[in-house]
Amino acid sequence: MQSLRHNIYTQLALFAVLYLGAAFFVDDNYFRFVLSTVPIWAVMGISWNIFSGYTGLVSFGHAAFFGIGAYTVVILSLNFDVSPVIGIPLGCLGGLIGGVLIGYPTFRLKGVYFALAMLAYPLTLLYIFEWLGYQEPTIPMRTGAEGLWHMQFENPYYNIVVSVAIMCLAVWVSHKIHSSRFGLSLTAIKQNEAAAESAGLDSTKWKLRSIMVSGALAGLAGGWYAALVLVVTPNSVFGMLTSSQAMIVTLFGGVSTVWGPVIGSLVLIPTSEIIQATVGEKLHGIHGVLLGVAIILMMIFAPDGILTKLKSLVFKQRKDPNEQAPQVTPPAAASGDSKRRISDEVMLDVRGISVSFGGLKAVSDVTFQVHKGEVLGIIGPNGAGKTTLFNLLNGFIPATAGEITFANTNLVGLKPNQVCRLGVGRTFQVARSFSRLTVLDNVVVGAFAKDDDDDVARQHAMEALELVGMAGHAQTLAGGLNSLELRLMELARVLAGRPELLLMDETLAGLGAEEVEVMLSTITNLANQGQSIVIIEHTMQAMVRLVDRFIVLNHGTVLATGEPTTVMKDPAVVEAYLGKKWVNNATD
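All of these numbers come straight from a predicted model, not from anything done at the bench. (Residues numbered from 1 in each chain as written. Predicted model: local features only at pLDDT ≥ 70, side-chain atom pairs only at ≥ 80, totals over all residues. Heavy atoms only, no water.)

### Some details on the sheet that holds strand β7 (residues 501-505)
So, step 1. Read from one edge of the open sheet, 6 strands run β6-β7-β8-β3-β9-β10, paired in mixed fashion. Whereas interior strands pair on both sides, the edge strands pair on one side only; in this sheet they are β6 (424-426) and β10 (557-562). Within this sheet the neighbouring strands show an average axis-to-axis angle of 20 degrees, counted without direction.
So, step 2. Sheet analysis places β6 next to β7, joined by 3 bridges and oriented parallel. Across the sheet, the residue bridging to V424 is L501, located in β7. (Pairing = 2+ DSSP bridges. Helix = DSSP H or I, 4+ residues; strand = E, 2+ residues; numbered from the N terminus. Axes fitted to C-alpha atoms, helices over the stretch in contact; angles between N-to-C directions.)

Below you can see the structure in the form of structure tokens.
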């Protein structure tokens, strides 16, 4: 059973044998046709799943790729006598090109606006092909050897064989994506795009790759569909039902799973076709009604899809009541001379950095330097511009003036993933995790910034978890972690990318006294090993113990800078925090 669960080739062989074996005993040509279309819609579901299922960007426009593939085969066969053997791969290529042309400009949109924009593409193509006069183009029928070359088989059973072969190819592609950094990167982007970008993932590039593969598979399905039915119309391939059917079989079977779209297609397509054939004349539109009811039932009883529900029931692991929860193991102090060594080398040089939001100057003419091996604390009252400054440093907000120099590169204008890959890591004010991934997978995402090999990335991820005392949590889902564990996991994800400079934004926020001590010892251990750190924090007692130097921000400008003891007695700093009436008492 364990071998079957993890060996995709065994799964594909078993499916092909069972499906083709069952189809062999079906004599009715109509049902053979239905059995030929089930794998086609499975491929369409897989296509939709590879894009929307993994990225979270809902597409109502996959009919565009399907239709491109279908019309490529029809037009080549009708006008140039080109066999579908050649036309189908060209239709697949057309879907891939369509993915680039559609995806690149549309990724600028988010949420419902993206979904509506995707809906516009197949509708536009529908009217274009109607205007061009391709209302009902027909592939000429052929027999004998010519018919075989044009994939027009005398025995309909061979149509089923071709459909299953194409579906197996699509499932294999989906499995490769699911089990590689491709799928893990897309899942991370789906769950928290800001965290994924800050960990070094180029979200636009990964989404573009996803829609290219998705468009290619949809074009492949559309090309074979045209060769199978011989007659296509703009509405049959570019219509709303085509896109919605691909989405529905995936949602029914299970989003972000390899076999979910296949399960959904096996259940819904034959059922809807049989009902349509038997009562469709009396109940017009019953096909669409059935698909809608199926989705409503899934949302109520199995929101993650029927395959996910079945997995949870069949492979449910009973928790041992005596099993102890993994514990955070605080790191041991650095060996040898643990005295912090601060170099004269400037790692980060910030000069005159500014940003405005309308008439508000959030950060104004801020200048400072960070030396190698230094722990620099940035403090200031709420609203002083501290987090905004971090967002400027790692590319979430473009600066309106000034320069940020790191590794001989001006960071202004770079994206967060580019800044990360240069060697600047960042944690967030509210810990950002990929909650439905394991702790290890969360950290592996961070290792991708520097490691091209997946196994090496996993090794570095485990080393980062050991460094923060979280190795025992490697297989725990991130959604089940407490505040301290989330903070440590986020720190491990940054460390897995081996940053030269670490930006930490209120890492102690929300932690209890004992948890603060664990986090402080972890950060101190990193600093003693030579890690350069810039940290924002409101807990002054902790900051005085941790940092080498303070920069105080107030109203977006630098109010004071210097050693902690000196800065804490500065009247201007005390006034910024407590007000004028406390200045004399605080400085006495």
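### Details of the packing of helix α20 (residues 454-467) against helix α21 (residues 483-496)
So, step 1. Between α20 and α21, the shortest axis-to-axis distance is 8 Å and the interhelical angle comes to 135 degrees. In terms of axis orientation, α20 runs oblique to α21. Judged by the sense of rotation from one axis to the other, the crossing of α20 with α21 is right-handed. Two secondary-structure elements touch here, α20 through H460, A461, A464, L465 and L467 and α21 through A492, L495 and A496.
So, step 2. By residue class, the composition of the contact of α20 with α21 is 7 nonpolar, 1 polar and no charged. (Parallel < 35°, antiparallel > 145°, perpendicular 65-115°, else oblique. Left-handed = near helix turned anticlockwise from the far one by under 90°. Contact = heavy atoms within 4.5 Å. Nonpolar A, V, L, I, M, F, W, Y, C, P; charged D, E, K, R; others polar.)

### Some remarks on helix α9 (residues 181-191)
Working note: α-helix, 3.6 residues per turn, so residues spaced by three or four point in the same direction.
So, step 1. Burial of α9 is extensive: 9 of the 11 residues sit out of reach of the surface.
So, step 2. The complete set of buried residues in α9 reads R181, F182, G183, L184, S185, L186, T187, A188 and I189.
So, step 3. Lining the buried residues of α9 we find α3 (29-55), α8 (157-178), α10 (193-198), α11 (203-229), α19 (439-447) and α20. (Buried < 20%, exposed > 50% of the residue type's maximum accessible area, 1.4 Å probe, protein only.)

### Quick notes on the pattern of salt bridges
So, step 1. Tallying each qualifying case throughout the model produces 12 salt bridges.
So, step 2. Between R426 and D505 there is a salt bridge, with its nearest N and O atoms 3.5 Å apart. Taken as a pair, R426 in strand β6 and D505 in strand β7 lie far apart in primary sequence, 79 residues in all.
So, step 3. Looking at R426, the relative accessible area reads 2%, which means it is buried.
So, step 4. Taken together, the shared-partner salt bridges connect D81, R142 and E146 into one network. (Salt bridge = Lys/Arg side-chain N within 4 Å of Asp/Glu carboxyl O.)

### Things to note about the pairing of strand β4 (residues 401-406)
So, step 1. When strand β1 (residues 346-357) meets β4, the two strands line up antiparallel, connected through 5 bridges. Counted as the bridge partner of R351 is E403 from β4.
So, step 2. Here β4 pairs with strand β5 (residues 409-410) via 2 bridges, running antiparallel. Looking at the pairing, T405 lines up with N410 of β5.
So, step 3. Joining the antiparallel neighbours β4 and β5 is a turn of 2 residues, in which A407 adopts a positive phi near 55 degrees.

### A look at a nonpolar patch on the surface
So, step 1. Residues V85, I86, L90, L93, I97, L101 and W149 make up a contiguous nonpolar surface patch of roughly 640 Å² in combined accessible area.
So, step 2. Looking at the secondary structure, you find L93 in helix α5 (residues 84-106). (Patch = residues over 30% accessible without salt bridge, like charges linked within 9 Å, V, L, I, M, F, W, Y side chains within 5 Å. Areas by Shrake-Rupley, 256 points an atom, 1.4 Å probe, with all protein chains shown as cover.)

### What about helix α17 (residues 386-393)?
So, step 1. Within α17, 7 of the 8 residues are buried, leaving the element largely enclosed by the surrounding structure.
So, step 2. Residues K386, T388, L389, F390, N391, L392 and L393 constitute the buried set of α17.
So, step 3. Phi for G395, located one or two positions after α17, is positive at around 90 degrees.

### Section: the sheet that holds strand β2 (residues 360-371)
So, step 1. With antiparallel pairing, the 4 strands of this open sheet are ordered in space as β2-β1-β4-β5. Here the strands that pair on one side only, and so sit at the sheet edges, are β2 and β5.

### Digging into the packing of aromatic side chains
So, step 1. Using the criterion set out here, one finds 19 aromatic pairs in the structure.
So, step 2. Taking the centre distance of 5.6 Å and the plane angle of 90 degrees together, the rings of F24 and F25 count as edge-to-face. For the pair shown, F24 and F25 are each scored as exposed.
So, step 3. An aromatic cluster of three or more residues is present, and its members are F24, F25, F153, Y157 and Y158.
So, step 4. Sitting over the face of the ring of W206, R209 holds its NZ or CZ atom 4.5 Å from the ring centroid.
So, step 5. It is R432 that lies over the ring of F428; its NZ or CZ is 4.7 Å from the centre. (Phe/Tyr/Trp six-rings, centres within 6.5 Å; stacked < 30°, edge-to-face > 60°. Lys NZ or Arg CZ within 6 Å of the ring centre and 35° of its normal.)

### What to know about the nonpolar core
So, step 1. The biggest cluster of nonpolar side chains holds 144 residues, and the ones touching the most others in it are M167, V171, W224, W259, M470 and I535.
So, step 2. If one sorts the elements of this core by residue count, α3 sits on top with 13 residues.
So, step 3. Sequence-distant contacts of I535, defined by excluding residues within four places in its chain, comprise V375, L376, G377, I378, F390, M504, I523, M543, L546 and V547.
So, step 4. Listed in part, the 30 residues of the second largest apolar core include V370, L376, A399 and L411. (Core = buried A, V, L, I, M, F, W, Y, C linked by side-chain atoms within 4.5 Å.)

### What to know about the environment of T106
So, step 1. For T106, the position within the fold is in helix α5.
So, step 2. For T106, a relative accessible area of 2% corresponds to the buried category.
So, step 3. Note: C-alpha distance between T106 and A117 (11 residues apart in sequence) is 7.1 Å.
So, step 4. In this structure, T106 is in contact with F114, A117, M118 and Y121, ignoring residues within four places of it in sequence.
So, step 5. Reaching out from T106, the side chain makes a polar contact with the side chain of Y121 at a distance of 2.7 Å. (Polar contact = N/O pair within 3.5 Å; in protein donor to acceptor, adjacent residues only side chain to side chain.)

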